[in-house]
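Commentary on secondary and tertiary structure
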Amino acid sequence: MPSKFLHCLKSFSPLAGAFTIAAGSVFISGCSEPKPMTFEPNLVHSMKYELKEGIEMEQASKDAFWIVTEMFGTPEQPKLPEVAMEDEDFASLVSLDNLMMASGPADAEGRGLYQKHCAICHGISGDGRGSSSAILNPYPRDYRKGIFKFKSTERGEKPTREDLATLIKNGIQGTAMVALPKLTDEQIEAHIGKAIDTLSDDEVEAVNEEVIDQQTEALTDYVIYLSWRGELERTLIDDAIFELDLDGGDRIINPAHKNSTDEEEKELFEEGWEIAEDYALEIADAWLAAPDAIVEVPEPPADLPVADNYEEFVAFQNGEQAEALAESIKRGQELYVGKIALCSKCHGVNGLGDGQTTDFDDWTKEWTLGIGIKPENRDALIPLLARGALPPINAKPRNFTTGLFHGGGTANDLYIRITQGIEGSPMPAATFVDGEFEEDDVWHLINYLRSLQTPPEPEEESTEDPKPTEVAIR
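Residues numbered from 1 in each chain as written. Predicted model: local features only at pLDDT ≥ 70, side-chain atom pairs only at ≥ 80, totals over all residues. Heavy atoms only, no water.

An unreviewed UniProt entry annotates the protein as Cytochrome c class I originating from Rhodopirellula baltica SH28.

See the structure below:
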């Protein structure tokens with residue numbers, strides 16, 4: 001993609017600039033200066049209601065945005081709801097010190113981690129609309145819905161901190177999300193306050209690990225912060241639609257009444273603020289409850305070999321348990337194409353990901369099919385695309401022959417995703433039927449999925465003379 005267009009994507013705001021949308025592409029007339037580092041209101045969420053209900057949503061959107069700004073601050077000066085900080089448990093959810101480290105400009109000393117590592121894809125607001133998002137498939141995650149695909153918890157629950165931290169630190173295999181980079185020699189020297197050549201390799205690695213862990217913790221807090229903030233904004237708009245008479249002049253809140261001397265106006269303001277605080281605490285409580293919802297993965301049957309990776313799988317195939325594994329694979333294949341598990345419907349009979357390929361994820365369905373508009377009908381979607389929605393793209397089922405699993409490829413990882421589904425995606429949770437598809441059968445499915453992987457190409461031995469070993473001199 002031309003660098004000028006990337007710059008235009010980076011500077012584009014749905015609130016300003018002339019544009020037209022045709023055949024799923026965005027053409028921007030002119031290219032403004034890079035937009036300031038500010039949160040943007042969730043205009044897509046409010047516009048979907050405007051289209052569906054025929055209700056003017058501009059004021060409700062402004063009111064909800066005012067509340068989350070008052071509670072959560074700005075990308076440069078983040079803060080947390082005061083009502084949450086008054087409670088020890090809620091105050092433990094996110095560290096203000098970590099927020100300061102993760103927030104702010106990328107070139108600010110001791111700050112800017114999110115801008116350096118995440119915003120280019122996930123956007124300043126955590127809306128999945130960073131400067132590179134339009135060229136990625138799938139699009140980067142929009143945190144504001146409060147839903148995350150890869151986690152260890154039950155369907156419908158938030159991920160744990162550890163779930164987020166693992167993805168942030170290590171990246172997601174097979175996607176554009178890479179692991180946090182190791183420190184440069186200069187960064188290590190700045191951190192320890194002395195020359196790097198005074199450290200052993202092990203000490204350098206320990207410093208790297210310590211700093212990356214600190215960065216991971218800060219970014220984990222910031223992702224929770226963005227999700228908490230974004231979900232509250234959505235919830236306030238939802239509440240306004242279902243509980244208020246917006247056409248009749250009701251408002252989520254009127255900031256002008258905050259210090260009003262009129263008792264009725266003051267009471268209305270306080271009522272709106274208390275409702276927002278209650279929702280903020282409900283969202284925070286869901287995050288705090290996540291560790292109690294971790295899926296307990298049972299042990300496989302004692303006589304059933306189940307590998308954690310392809311190398312182990314090959315070893316089982318060539319070992320004493322080869323016959324048991326072969327029987328397990330056969331049973332797994334029956335389930336895979338059977339009418340109950342029916343994995344082949346989406347992933348294809350041969351696991352190539354070529355079955356049902358015209359579906360969409362829940363983020364897209366919400367503002368398309370959810371309001372009666374087909375994702376393919378780009379003309380009908382223009383008002384939403386103009387307010388920040390990215391053109392719908394199909395959800396891609398996993399191609400099992402690659403051996404790449406975005407949410408982790410251990411047996412436990414796969415067990416959780418089969419039994420719980422992948423939240424936000426078309427993949428549902430397993431439906432067990434006595435005598436036909438039971439929990440122990442999940443292990444057979446896992447063995448069959450592992451058997452579909454294409455063996456890696458053997459490395460060719462070089463006939464050239466080896467080059468002299470280079471010695472790095474610090």
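Here the narrative resumes, following the displayed structure.
A few points about the state of the cysteines
Going by this rule: Working definition: a disulfide is two cysteine sulfur atoms within 2.5 Å of each other.
The final tally for this structure, using the stated rule, is 0 disulfides. Free cysteine: Cys118, not disulfide-bonded; nearest cysteine sulfur from Cys121 at 8.8 Å. Distance from the sulfur of Cys343, which forms no disulfide, to the nearest cysteine sulfur (Cys346) is 9.1 Å.

Quick notes on unusual backbone geometry
Across the chain, the bulk of peptide bonds are trans and the bulk of non-glycine residues have phi less than zero. Applied cut-off: Only DSSP runs of H or I covering at least 4 residues are called helices, and only runs of E covering at least 2 are called strands; the numbering of each starts at the N terminus. The rule is simple: take the accessible area with a 1.4 Å probe, protein chains only, and divide by the maximum for that residue type; under 20% is buried, over 50% is exposed, in between is partly exposed.
In this model, Asn137 is joined to Pro138 through a cis peptide bond whose omega is 5°. Assignment of secondary structure puts Pro138 in the loop between α8 (119–122) and α9 (161–170). Unusually for a residue other than glycine, Leu342 sits at a positive phi of about 50°. When you line up the elements, Leu342 lands in the loop between α14 (322–337) and α15 (344–347). Its relative accessible area of 35% is what places Leu342 among the partly exposed residues.

Examining the pattern of salt bridges
Threshold: Within this document, salt bridges are pairs made up of a side-chain nitrogen of Lys or Arg and a carboxyl oxygen of Asp or Glu, the two lying within 4 Å of each other.
Per the stated rule, a full pass over the model turns up 19 salt bridges. One salt bridge in this structure joins Glu70 and Lys258, with 3.8 Å as the shortest N-O distance. Here the residue Glu70 occupies a position in helix α3 (residues 58–72), and Lys258 occupies one in the loop between α11 (201–243) and α12 (263–288), the gap between them amounting to 188 residues. Residue Lys258 is classed as partly exposed on the basis of its relative accessible area of 34%. Note that Lys169 is salt-bridged to Glu209, the shortest N-O span being 2.5 Å. One end of the pair, Lys169, is in helix α9; the other, Glu209, is in helix α11, and 40 residues separate them in sequence. Of the residues examined, Lys169 reaches a relative accessible area of 22% and is grouped as partly exposed. What you see here is one network of salt bridges that share partners, running through Lys48, Lys145, Arg234 and Glu366.

Points about α12
Filter applied, for reference: One fewer than the residue count of a helix, multiplied by 1.5 Å, yields its expected span. Any two residues having at least one pair of non-hydrogen atoms within 4.5 Å are treated as being in contact. Any pair of N or O atoms that falls within 3.5 Å is considered a polar contact. Within protein, one atom must be able to donate a hydrogen and the other to accept it, and sequence-neighbouring residues count only if both atoms are side-chain atoms.
Between its first and last C-alpha, α12 extends 37 Å over 26 residues, near the 38 Å set by a 1.5 Å rise per residue. All buried positions along α12 are accounted for by Phe269, Gly272, Ala276, Glu277, Ala280, Leu281, Ile283, Ala284 and Trp287. Buried residues belonging to α12 abut α3, α4 (82–85), α5 (88–91), α9 and α11. A side-chain oxygen of the first residue of α12 lies 2.9 Å from the backbone nitrogen of Glu264; this N-cap is Asp262.

A look at the nonpolar core
General note: in soluble globular proteins, nonpolar side chains tend to be found buried as a group. Quick note on the threshold: To define a nonpolar core, start from buried Ala, Val, Leu, Ile, Met, Phe, Trp, Tyr and Cys residues and group those joined through side-chain atoms within 4.5 Å.
In this structure, Met57, Tyr114, Leu219, Tyr222, Tyr225, Trp228 and Leu232 are the most contacted members of the largest nonpolar core, which totals 60 residues. Taken together, the elements giving at least two residues each to this core come down to α3, α4, α6 (96–102), α7 (113–117), α9, α11 and α12. The element contributing the most residues to this core is α11, with 17 residues. Apart from the residues lying within four places of it in its own chain, the contact partners of Leu232 are Val68, Met71, Phe72, Ala276, Tyr279, Ala280 and Ile283. Within the second largest apolar cluster, 24 residues are counted, among which are Val306, Phe313, Trp443 and Ile446.

Details of the packing of α3 against α11
Inclusion rule: Think of each axis as a best-fit line through the C-alpha atoms, taken over the contacting stretch in the case of a helix, with angles from 0 to 180 degrees between the N-to-C directions. Angles below 35 degrees are treated as roughly parallel, those above 145 as roughly antiparallel, those between 65 and 115 as roughly perpendicular, and all remaining angles as oblique. By definition, any crossing whose near helix is turned counterclockwise from its far helix by less than a right angle is left-handed, and any crossing with a clockwise turn is right-handed. When residue character is reported, Ala, Val, Leu, Ile, Met, Phe, Trp, Tyr, Cys and Pro are called nonpolar, Asp, Glu, Lys and Arg charged, and the others, Gly included, polar.
Across the interface, α3 lies against α11 with an axial gap of 9 Å and an inter-helix angle of 150°. The angle between α3 and α11 places the two elements in the roughly antiparallel class. At the point where α3 passes α11, the crossing takes the right-handed sense. Residue-level inspection shows Ala64, Phe65, Ile67, Val68, Met71 and Phe72 of α3 in contact with α11, the latter providing Tyr225, Trp228, Arg229, Leu232, Glu233, Leu236 and Ile237. For the contact of α3 with α11, the per-class residue count stands at 11 nonpolar, no polar and 2 charged.

Structural notes on empty space enclosed by the protein
Selection rule: We place a 1 Å grid over just the protein atoms. Points where a 1.4 Å probe fits but has no way out form a cavity, open points with protein on both sides within 12 Å along at least 5 of 7 lines form a pocket, and any residue with an atom within 4 Å of a point lines it. Grid points are joined across faces, edges and corners, and a volume is the space filled by probe spheres set on the points. Each domain's extent was defined by an automatic or database domain assignment.
A full pass over the atoms with the stated rule returns 1 cavity of 30 Å³ or more. Approximately 60 Å³ is the volume found for the largest cavity. Lys149, Lys151, Thr153, Glu154, Arg155, Ile416, Arg417, Gln420, Gly421 and Glu423 together form the lining of the largest cavity. Mapping the lining of the largest cavity onto the domain boundaries places at least three of its residues in each of domain 1 (43–292) and domain 2 (310–359 + 394–452).

A few points about the packing of aromatic side chains
Which entries qualify depends on this criterion: Ring pairs shown here join Phe, Tyr and Trp side chains whose ring centres sit within 6.5 Å, with only the six-membered ring taken for Trp; geometry is labelled stacked below 30 degrees between planes, edge-to-face above 60, and tilted in between. Consider the ring centre and the ring normal. A charge sits over the ring if Lys NZ or Arg CZ is within 6 Å of that centre and within 35 degrees of that normal.
As enumerated under the stated definition, the model contains 17 aromatic pairs in all. When the ring of Tyr143 is compared with that of Phe148, the centres are 6.0 Å apart and the planes differ by 20°; the resulting orientation is stacked. The residues Tyr143 and Phe148 share a single accessibility class, namely buried. Arranged with centres 6.3 Å apart and planes meeting at 5°, the rings of Phe269 and Trp273 form a pair that is stacked. Placement of both Phe269 and Trp273 in helix α12 is noted, with a separation of 4 residues, approximately one turn of the helix. Grouping aromatic residues by their ring pairs yields a cluster made of Phe39, Phe72, Tyr114, Tyr222, Tyr225 and Trp228. The ring of Tyr49 has Lys48 lying over it, and the distance from NZ or CZ to the ring centre is 4.9 Å.

Description of the environment of Asp221
Looking at the secondary structure, you find Asp221 in helix α11. Spatially, the C-alpha atoms of Asp221 and Leu164 are 9.3 Å apart, while their sequence positions differ by 57 residues. Ignoring anything within four residues of it in the chain, the contact list for Asp221 reads Leu93, Val94, Ser95, Asn98, Leu99 and Arg161. In terms of polar contacts, Asp221 uses its side chain to reach the side chain of Arg161, at 2.4 Å.

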